[in-house]
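# Notes for the structure review
Listed here are the chains, written in short residue letters.
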Amino acid sequence: MEKIVSLCKRRGFIFQSSEIYGGCGGVWDYGPLGAELKRNLRSAWWNCMTREREDVLGLDASILMNPAIWKASGHVDTFADLMRECSLSNKRVRADHVEAQSGNALRFTGAQLGETPSGQSISMEQAICLLSPQGEHLESARKRAKEAYLRRHLQTQNHSWNDEQIRAAVSKVELQGETSQAVQQSVDFHPETTGELGPARPFNLMLKTFLGPTATLDDPTYLRPETAQAIFAQFKNVFDSSRVKVPFGICQIGKAFRNEVTPKNFTFRSREFEQMELEFFIRPDEAVEIICGEVAKWSEGADLSQPQPNWGWELWHRYWVEQRTEFYRRIGLGDVLEYYWQSEQDLAHYARACVDILCEFPFGTEELEGIAARGDFDLSQHQKHSGKPQEVFDEELKNAAAKLSPEQREALIAKRLAAEQSRTKGEPMPEAEVRAWFERLFKGNFVPHVIEPSAGLDRMALAVLAKAFSETEKVDEKGKKEIITVLRLHPRVAPIKVGVFPLLKNKPELVAKAREVYALLKQHMSCFYDETASIGRRYARQDEVGTPFGITIDFDTLGEQGPELADTVTVRHRDDGAQQRIAIKDLLAYLLPQVQ
């Protein structure tokens, strides 16, 4: 991972935000190559979701929205991680991110400092506890305890000592009431400070800001923690203006913000990131059953290649898992994916199913994308809180329902009532509400259910870089060893598609022809022109940033070795070093299908 981070900075993929001022934690800037990589991934996702489909529309919603949206969605009340606070430093850590540690728990009832820089003595009586990990000398742990006592006293008294005064004073602190207890695999100590952790408490992850000129607590809003709620809030506008029918989807790509307490693993978990989300709206299973007579059941080997009218939520969910998997294959991640199907205990009370697509990163196998069957929870919540109907009218459903006998209608209602009574999460819907819901359904009205594939663009970029990174050892004719770094990026997402090189820079005719080829290609793809250093060194520079093709203009191109090779170039392939001669007039036809 350290090598990937180093490469990203050295070659202009990713920089620490505000680096010249010491950085900004959990926030990253994308350099020239990183910006191109993200743009390529963004375009690949957008084209896959919209251009190649007839049933998905795009949206570009604002980051700032009415705060009532976040109240309705539950984010204001429940969008929180459980945090534990270090008793020594007041640092917070996610409760589920504390690794088990073993050692000796040292407890102290207080401390004394005989003489301060001002000549006074200090008594510090509060109790503290910290862990001395296995193998650590106890004096090191005691020194941490002394410094903790001293810094806590300085903080409470608003004293300001310089580092030299603190170091001098720490050596004069005398600890009191020391006891020691061996602990095994404890998760009650901070992984960095070793201080004892307090109880777990919820910490809301939304970043708050203010709208309007007064900027008071009466005018709060939030930087959106996800892009999905904007899609739900604009659902009816998109539906009414686009002449679409359910099933259909709305997708968008945009920035989101979460006040992560412990951002980590480079760009994997950060405070500002970019999401790519699809909300795919479907009929409730009851509507499918009324129209088609049955709801198709999922089974291993089911054909998911083409959606069918009798699909319910389960097959739609499986379909989108397959679609998203295929997308990752297309950008070169197919062989590093795993899946985690959430158990009933993991699921939110409104969710039918959720699968996490996992990816191998250098720091472990982690979530790349989640695909959830969310029922009608989101639109129903916004309908309830806004007072604006989010139902759609389905003529086909109304006509099919009109043909049902009273007995058939009652059977559908009884089936739903039984399902409500067997729920293990959330409150079952009362019978009166169930019957009122079916009354609307039989007239062709319903709130759509939704399947939600949600991916992070920054995580995707990191996954692509990690998968592509490779090192090989090369030994020259003198026996000198050199480590060669190659980014084996898929041509579709590579920041630079083609490097163009004249064999020699001091031959004007070669340079002129190379410039001609460069001008031809750069109108259709990102190219890089380079005429400095040896041709091997130029190849190596482009290999390191993932350029899949190198084009060399040599003397054969000028026809000096015979007319049969005139106006041809050498095309070198990054991954295997293979070379072939291709006519300049055929370059676009050869390259475009591989890089688009």
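We now turn to the structure provided with this report.

Basis of the calculations
- Sequence order as written defines the numbering, with residues in each chain counted from 1.
- Confidence filtering applies because this is a predicted model: local features only for residues at pLDDT of at least 70, side-chain atom pairs given and counted only at 80 or more, and all residues used for totals across whole chains, interfaces and linings.
- For side-chain calculations, the full set of non-hydrogen atoms in the structure is used, while hydrogens and water are omitted.
- Here, strands pair whenever DSSP counts at least two bridges between them.
- We count a stretch as a helix when DSSP gives it H or I for four or more residues in a row; a strand needs E for two or more, and each element gets its number in order from the N terminus.
- What counts as an axis is a line fitted to C-alpha atoms, over the stretch in contact for a helix, and the angles between N-to-C directions run from 0 to 180 degrees.
- Any pair of residues with heavy atoms lying within 4.5 Å of one another is described as a contacting pair.
- Here, a salt bridge means any side-chain nitrogen of Lys or Arg that lies within 4 Å of a carboxyl oxygen of Asp or Glu.
- Under the scheme applied here, a residue whose accessible area is under 20% of the maximum for its type counts as buried, over 50% as exposed, and between as partly exposed, the area being computed with a 1.4 Å probe on protein chains only.
- The criterion is simple. A nonpolar core is a set of buried Ala, Val, Leu, Ile, Met, Phe, Trp, Tyr and Cys residues joined through side-chain atoms within 4.5 Å.
- For Phe, Tyr and Trp, where Trp contributes only its six-membered ring, two rings pair if their centres lie within 6.5 Å, and the inter-plane angle classes them as stacked under 30 degrees, edge-to-face over 60, or tilted in between.

Attention now moves to the sheet that holds strand E29 (residues 579-583). Taken in spatial order, the 5 strands make up an open sheet running E26-E25-E27-E28-E29, and their pairing is mixed. At either end of the open sheet lies a strand with only one pairing partner, and these are strand E26 (527-529) and E29. Shown here is a sheet whose adjacent strand axes are inclined to one another by a mean of 25 degrees, direction ignored. Two strands pair when backbone bridges link them, and strand E25 (residues 498-502) and E26 are joined in this way by 3 bridges, in the parallel orientation. For Val 500, the partnering residue across the bridge sits in E26 and is Tyr 529. The sheet strands contacting helix H17 (residues 535-544) are E25, E26, strand E27 (549-553), strand E28 (568-573) and E29, and the helix crosses E25 at an angle near 165 degrees. The strands touched by helix H18 (residues 587-595) are E25, E27, E28 and E29; relative to E27, the strand with the most contacts, the crossing angle is about 165 degrees.

On to the pattern of salt bridges. The final tally for this structure, using the stated rule, is 49 salt bridges. Linking Arg 10 and Glu 544 is a salt bridge whose minimum nitrogen-to-oxygen distance equals 2.5 Å. Of this pair, Arg 10 sits in helix H1 (residues 2-10) while Glu 544 sits in helix H17, placing them 534 residues apart in sequence. For Asp 458, the salt bridge goes to Lys 38, with nearest N and O atoms at 3.4 Å. You can see Asp 458 sitting in helix H15 (residues 457-468) and its partner Lys 38 sitting in helix H2 (residues 32-51), a full 420 residues away along the chain. Relative accessible area serves as the criterion here: at 6%, Asp 458 is assigned to the buried category. When salt bridges with common partners are traced through the structure, they connect Lys 38, Arg 42, Glu 274 and Asp 458 into a single cluster.

Core analysis: the largest hydrophobic core is formed by 63 residues, its most contacted members being Phe 13, Leu 41, Trp 320, Tyr 328 and Ile 331. Looking at which element gives the most residues to this core, the answer is H15, with 9 residues. Ignoring sequence-local partners within four residues, the contact set of Tyr 328 consists of Leu 333, Gly 334, Leu 337, Ile 357, Leu 368, Glu 369, Ala 455 and Met 460. Listed in part, the 44 residues of the second largest apolar core include Ile 69, Ile 290, Leu 417 and Val 434.

Once that is clear, we can look at the packing of aromatic side chains. Here the structure, examined in full by the defined rule, presents 23 aromatic pairs. Geometrically, the ring pair formed by Phe 232 and Phe 281 is edge-to-face, given 6.3 Å between the ring centres and 80 degrees between the ring planes. Separated by 49 residues along the polypeptide, Phe 232 in helix H7 (residues 228-233) and Phe 281 in strand E16 (residues 272-282) bring together distant segments of the chain. The class of Phe 232 is buried, set by a relative accessible area of 1%. Given the relative accessible area of 0%, Phe 281 is considered buried. Judged by centre distance (5.5 Å) and plane angle (70 degrees), the ring pair of Phe 327 and Tyr 328 falls under edge-to-face. Here Phe 327 falls in the buried class, since its relative accessible area comes to 2%.

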